[in-house]
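# Close look at the chain arrangement
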Amino acid sequence: MITLNINKKTHKIDADPDMPLLWVLRDIVGLVGTKYGCGVAQCGACVVHLDGEAVRSCVTKVSRAAGKSVVTIEGLSQTNDHPLQKAWLDLDVSQCGYCQAGQIMSAAVLLKENKNPTDQDIDDAMAGNICRCGTYLRIRDAIHLAAKASKK
Amino acid sequence: MKQDLNSPKGFSRKIRTIAVLTVLFSLVIFMGFGIEHETKTTVVNIKAAEKDSVASTKAFMQVYKVLMSPRCMNCHPSGDIPLQGDDSHLHAMFPKRGVEGKGVTAMKCMNCHQPKNVPGLNTPPGDPNWHLPPANMKMVFQGRTPAQLAKQLVNPKTNGNKTMEQLIAHADDGLVKAGWNPGEGRTLPPLSHAEFKKEWIQWIKTGAFAPKDK
């Protein structure tokens, strides 16, 4: 039995320690906001926070998360009012939406560590999150908007 | 006519002689310290009897083959993006070195690279401490000639502050050994780890000589 802290709630998980965290989150805990895109850490759709770091849950074993804090897109804010979530709505960033949970989770770590990122900082942080619909320009604008809003 | 050393002229000659001898003696002492200092920064604790420049450079050329293979060189790039694959192309998604060599913000090395290899082709290889050298001491291998690399490796100012003893121990570092367990689809270095370690120690213990560049 593995004990996980997910979005500030404790869960006891009966699973193989080598099971990818993504499967645990989606299939066992029922948090389906985090998506499966490639399964090999190459698309970023599966990004969640593990002790504040943007890990790829499709390749992260659930045993690595034991005793640590896991935050999914559902837990990023209590009432979906994280500055990034608001900016995403304000600028209508999403098209199909499949990659966007991972995009937001990566952007959240960027803004936590760099409150005023340049375009280059955004490239360096977000280059691992791909979007088949091509919403990159609005993602960049939304990050800048959220950074500005957080300063107020 | 024999000079009377007790006469005024003879006395000043005496003083001049003593002064010259003192200066010469001091120069010899200072030069001695200088040579000793130079020796300490390059080779430590290797007895003169063990030094063998021919054996040392021969061993280093084997070491060089390994260090310049993709499994080692890919994480010792000349730029701030690691290399990837047997063709050492720039790592997909362009992760950046960062100050500590651990990546930046949402693209830290261990966000994707796990403590162990992820199974399957085209998945991230793993190690509990996946990282690049830090920005203030990049320990570049890419593009280095044998002479340049050898000199870089023995100098604590460019080798991660390692003594010769630590350099020997570094052959058994976890991330170094991960090069011989690279995951599916990646070729191994040209020597086995045991062979590499033998040549590494041989190079160091016979004097850590740098081969001459052609």
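Now for a look at the structure at hand. (Residues numbered from 1 in each chain as written. Chains lettered and ligands numbered in written order. Predicted model: local features only at pLDDT ≥ 70, side-chain atom pairs only at ≥ 80, totals over all residues.)

So, about the overall build of chain A. Helix and strand content of chain A: six helices and five strands. If you list the helices and strands of chain A from N to C, you get β-β-α-β-β-α-β-α-α-α-α. Here the C-alpha coordinates of chain A stretch approximately 45 × 30 × 25 Å along the principal axes. Taking all 152 residues of chain A together, the buried fraction comes to 44%. (Helix = DSSP H or I, 4+ residues; strand = E, 2+ residues; numbered from the N terminus. Buried ≥ 20, exposed ≤ 12 C-beta atoms within 10 Å, placed from the backbone.)

With that out of the way, let us pick up the pairing of strand β4 (residues 53-56) of chain A. Residues and elements named next belong to chain A. The sheet contact formed by strand β3 (residues 47-50) and β4 spans four bridges and is antiparallel. Paired with H49 across the strands is A54, a residue of β4. The antiparallel pairing of β3 with β4 creates a hairpin that spans two residues between the two strands, and D51 there sits at a positive phi of about 50°. (Pairing = 2+ DSSP bridges.)

Of note, M164(B) is situated in helix α6 (residues 164-170). Expressed as a C-alpha distance, the spacing of M164(B) and V154(B), which sit 10 residues apart in the sequence, is 7.2 Å.

Before going further, it helps to examine the environment of L21(B). Tracing the backbone shows L21(B) in helix α1 (residues 8-42). Separated by 37 residues in the primary sequence, L21(B) and K58(B) place their C-alpha atoms 46 Å from one another.

All names here are of chain A. Within the open sheet, the five strands sit side by side as β2-β1-β5-β3-β4. Their pairing is mixed. Because the sheet does not close on itself, it has two edges, and the strands there are β2 (9-13) and β4. The sheet shows a mean angle of 40° between the axes of neighbouring strands, taken without regard to direction. Here helix α4 (residues 100-113) sits on the sheet in contact with β3 and β4, set at roughly 35° to β3. (Axes fitted to C-alpha atoms, helices over the stretch in contact; angles between N-to-C directions. Contact = placed C-beta atoms within 7 Å.)

All names here are of chain B. It is the contact of helix α2 (residues 53-67) with helix α5 (residues 146-154), at a shortest axis distance of 11 Å, that shows an interaxial angle of 90°. Taken as axis vectors, α2 and α5 run roughly perpendicular relative to one another. Residues F60, M61, Y64 and L67 of α2 touch α5, and the partners they reach there are P146, L149 and A150. Broken down by class, the residue content of the contact of α2 with α5 amounts to seven nonpolar, no polar and no charged. (Parallel < 35°, antiparallel > 145°, perpendicular 65-115°, else oblique. Nonpolar A, V, L, I, M, F, W, Y, C, P; charged D, E, K, R; others polar.)

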